[in-house]
Amino acid sequence: MKKTVLITGGAGFIGSHVVREFVTTHPDYQIINLDALTYAGNLENLRDVEYVPNYTFIKADITDAAHIRDIFSECRPDGVVHLAAESHVDRSITDPSAFVMTNVIGTVNLLNAAKEIWKDSYEGKRFHHVSTDEVYGALGETGLFTEETKYDPHSPYSASKASSDHFVRAYHDTYSLPIVLTNCSNNYGPNHFPEKLIPLCIHNILNSKPLPIYGDGKYTRDWLYVIDHAKAIDLVFHKGINGEAYNVGGFNEWQNIDLVKELCRQMDEKLGRPEGTSAELITFVKDRPGHDVRYAIDATKINQELGYQPSVTFEEGLSKTIDWFLGNQEWLDRVTSGDYQQYYEKQYSK
Ligand code: NAD
Ligand code: DAU
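Nothing here was measured: the structure is a model prediction, and the numbers come from that model. (Residues numbered from 1 in each chain as written. Chains lettered and ligands numbered in written order. Predicted model: local features only at pLDDT ≥ 70, side-chain atom pairs only at ≥ 80, totals over all residues. Heavy atoms only, no water.)

**Overview of the overall build of the chain**
Scanning the chain for helices and strands turns up 12 helices and 12 strands. Here the C-alpha radius of gyration of the chain, 20 Å, is about what a compact globule of 350 residues would show, namely 20 Å. Within the span of the chain, comprising 350 residues, buried residues form 56% of the whole. By sequence separation, contacts in the chain at least 24 residues apart represent 83% of the contacts at least 6 residues apart. Accessible surface for the chain amounts to roughly 14,800 Å². Of this, 50% is attributable to carbon and sulfur atoms. (Helix = DSSP H or I, 4+ residues; strand = E, 2+ residues; numbered from the N terminus. Rg over C-alpha atoms; globule rule 2.2 N^0.38 Å. Buried < 20%, exposed > 50% of the residue type's maximum accessible area, 1.4 Å probe, protein only. Contact = heavy atoms within 4.5 Å. Areas by Shrake-Rupley, 256 points an atom, 1.4 Å probe, with all protein chains shown as cover.)

**Comments concerning helix α8 (residues 256-271)**
Since the α-helix turns once every 3.6 residues, residues separated by three or four places project in the same direction. Here α8 contains 16 residues, and its C-alpha end-to-end distance of 22 Å stays within 8% of the 22 Å for a straight helix at 1.5 Å per residue. Taken together, the buried positions of α8 are N256, I257, L259, V260, E262, L263, C264, Q266, M267 and D268. The inward-facing, buried residues of α8 contact α6 (197-206), β8 (211-214), β9 (220-225), β11 (253-255), β12 (282-285) and α10 (314-327). Once α8 ends, the next one or two residues include G272, with phi positive near 70°. (Expected span 1.5 Å × (residues − 1).)

**A word on the UniProt feature "domain: NAD(P)-binding" (unreviewed entry) in the chain**
Per the UniProt record, the feature "domain: NAD(P)-binding" (unreviewed entry) sits at residues 6-321. Secondary structure across residues 6-321 divides into 40% helix and 17% strand, with the first and last C-alpha atoms of the span separated by 27 Å. (UniProt positions renumbered as here; feature names shortened; annotations may be inferred.)

**Section: the site of ligand 1**
Taken together, 28 residues surround ligand 1, and among them I14, D35, S87, Y157 and K161 come closest. A distance of 2.8 Å separates an oxygen atom of ligand 1 from a polar backbone atom of I14. Measuring from a nitrogen atom of ligand 1, one finds a side-chain N or O atom of D61 at 2.8 Å. Relative to its unbound accessible surface of 830 Å², ligand 1 loses 96% to contact with the protein. Sorting the residues of the shell around ligand 1 by element identifies α1 (13-25), β5 (126-132), α5 (156-175) and β7 (186-188) as the ones contributing at least two each. With three residues, the top contributor of residues to the shell around ligand 1 is β5. Here the residues of the shell around ligand 1 are counted per class, giving 14 nonpolar, 11 polar and three charged. (Near = heavy atom within 4 Å. Polar contact = N/O pair within 3.5 Å; in protein donor to acceptor, adjacent residues only side chain to side chain. Nonpolar A, V, L, I, M, F, W, Y, C, P; charged D, E, K, R; others polar.)

**Here's the deal with the sheet that holds β7**
Here three strands make up an open sheet; going across it, the order is β7-β9-β11 and the pairing mixed. Of all the strands in the sheet, the pair left with one neighbour each is β7 and β11. Strand-to-strand twist in this sheet, taken as the mean axis angle between neighbours without regard to direction, amounts to 50°. As judged from the three bridges shared by β9 and β11, these two strands associate in the antiparallel manner. Residue pairing for β11: R221 is matched across the bridge by W254. Its contacts with the sheet place helix α7 (residues 226-239) against β7 and β9, and it is angled at close to 70° to β9. Across the face of the sheet, α8 comes into contact with β9 and β11 while running at roughly 90° to β11. (Pairing = 2+ DSSP bridges. Axes fitted to C-alpha atoms, helices over the stretch in contact; angles between N-to-C directions.)

**Side note on the layout of surface pockets**
The gaps of empty space that remain are located by a probe, the size of a water molecule, rolled over the atoms. Here the second largest pocket defines a volume of roughly 490 Å³. Of all the secondary-structure elements, those providing two or more residues to the lining of the second largest pocket are α3 (89-94), α4 (96-117), α11 (329-335) and α12 (339-348). With six residues, the single largest contributor to the lining of the second largest pocket is α12. (1 Å grid on protein atoms, 1.4 Å probe; cavity = no way out; pocket = protein on both sides within 12 Å on 5 of 7 lines; lining within 4 Å. Points joined across faces, edges and corners; volume = space filled by probe spheres on them.)

**Here's the deal with the nonpolar core**
One broad rule of soluble globular proteins: the nonpolar side chains tend to lie buried together. I198, I202, L211, V260, L263 and M267 are the most contacted members of the largest nonpolar core, which has 31 residues in total. Those elements giving two or more residues to this core turn out to be α6, β8, β9, α8, α10, α11 and α12. Those residues in contact with L263 that lie beyond four places of it in its chain are I198, C201, I202, I205, L318 and I322. Listed in part, the 24 residues of the second largest apolar core include L6, L34, V168 and Y171. (Core = buried A, V, L, I, M, F, W, Y, C linked by side-chain atoms within 4.5 Å.)

**Considerations on the packing of aromatic side chains**
For the structure on display, the rule yields 18 aromatic pairs. A ring pair is formed by F99 and Y157, whose centres lie 6.3 Å apart and whose planes are at 85°; its orientation type is edge-to-face. Separated by 58 residues along the polypeptide, F99 in helix α4 and Y157 in helix α5 bring together distant segments of the chain. A single burial state applies to F99 and to Y157, both of which are buried. Taken together through their ring pairs, the aromatic side chains of Y39, F193, Y214, Y340, Y344 and Y348 make up a single cluster. The side chain of K209 reaches across the aromatic face of Y344, ending 4.3 Å from its centre. (Phe/Tyr/Trp six-rings, centres within 6.5 Å; stacked < 30°, edge-to-face > 60°. Lys NZ or Arg CZ within 6 Å of the ring centre and 35° of its normal.)

**A few points about the packing of α4 against α5**
At a minimum axis separation of 8 Å, α4 and α5 run at an interaxial angle of 15°. In terms of axis orientation, α4 runs roughly parallel to α5. The handedness of the crossing between α4 and α5 is right-handed. Note on element contacts: α5 touches α4 through P156, Y157, S160, K161, S163, S164, F167, V168, Y171 and Y175, opposite P96, F99, V100, N103, V104, T107, V108, L111, N112 and K115. Residues of the contact of α4 with α5, tallied by class, amount to 12 nonpolar, six polar and two charged. (Parallel < 35°, antiparallel > 145°, perpendicular 65-115°, else oblique. Left-handed = near helix turned anticlockwise from the far one by under 90°.)

This is how it looks when you write it as structure tokens:
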């Protein structure tokens, strides 16, 4: 029997790579991409799969319970891979309510719709919730987040994601809904929206604009190439155990300042600019309120139990990412026109 998999948020950064991974790796599946096309959603991210026969797009908002229920009863997906979310921490500090609506209420609407259409049998069904390592809070200088780490979210974004994780688990514990969760570290790669650190700096280097580094720049993040995240999602969706969560990461920690310096080095080389040109743009700015000091993922469980390994090193991944942005400057120009200008002005003029 042909499987139907509904992917939410498939027009976003990570979602578009997950859609591509599923459409190409599982040509026997029908893949439905459900996305509201917010400022972060862009069908241009999926031009290459747009006309593939096993792919369909539906524009819908997951906060609209009735519409979601109707779509589920019409399409009857066997699997849901849920990525749709408000994803940017700085925006969650300005407008937490939008994060509650999409990340919490939207997730519950999807859980209800899945529970309703799967009520006769859970056989062959799966709800995969894509989440973040930010639910675990912040680490000091040592230690790693494991799947056993107590939830301790700090930002409105991470609080909303933690809440959605709890609801997903609650539907498993209460209604036996077949669920899996993945909690991944920071992604980077093609199609990354330039509000996030790496693409924002790439865009600013190209335009010789200041590179805003929050606080002292010693905050640490653990970076994974987005295609490696998409592959991990495919693996857990198919091989993960019901009710279980899997941390996803590549054991690749960088202090922000060191990462931006490495980005500047590679960009100068690729743009043929004298060494040190881009690093001169580095500017320390006001810190993010409640800024989590360090994230670092222990990915032992997914590595050992499911045989997962990332495919690229950070240096290779960063180089591929820069090449993608250099080859897609029109994409960058289009997504940074209009609303982006206003957002940037408001965020960085403080
Ligand atoms: P993104 O902001 O690039 O994309 C989000 C997508 O969701 C967009 O296509 C947007 O249109 C869609 N969307 C937003 N609100 C919606 C709504 N109400 N209804 C339907 N669609 C809606 O986000 P991303 O960085 O690709 O993250 C995707 C998921 O992965 C999120 O759940 C995020 O929490 C999680 N995650 C992200 C990272 C990361 O580093 N970016 C790391 C770990 C986990
Ligand atoms: O850890 C996973 C999370 O990673 C995801 O769940 C989020 O959706 C995703 O946005 C990302 O969150 P971060 O807040 O870590 O990513 P961001 O790119 O916004 O910031 C990375 C680091 O860089 C962080 O320490 C803040 C800092 N920063 C960010 C921006 C945008 C700066 O110093 N300057 C900036 O202008």
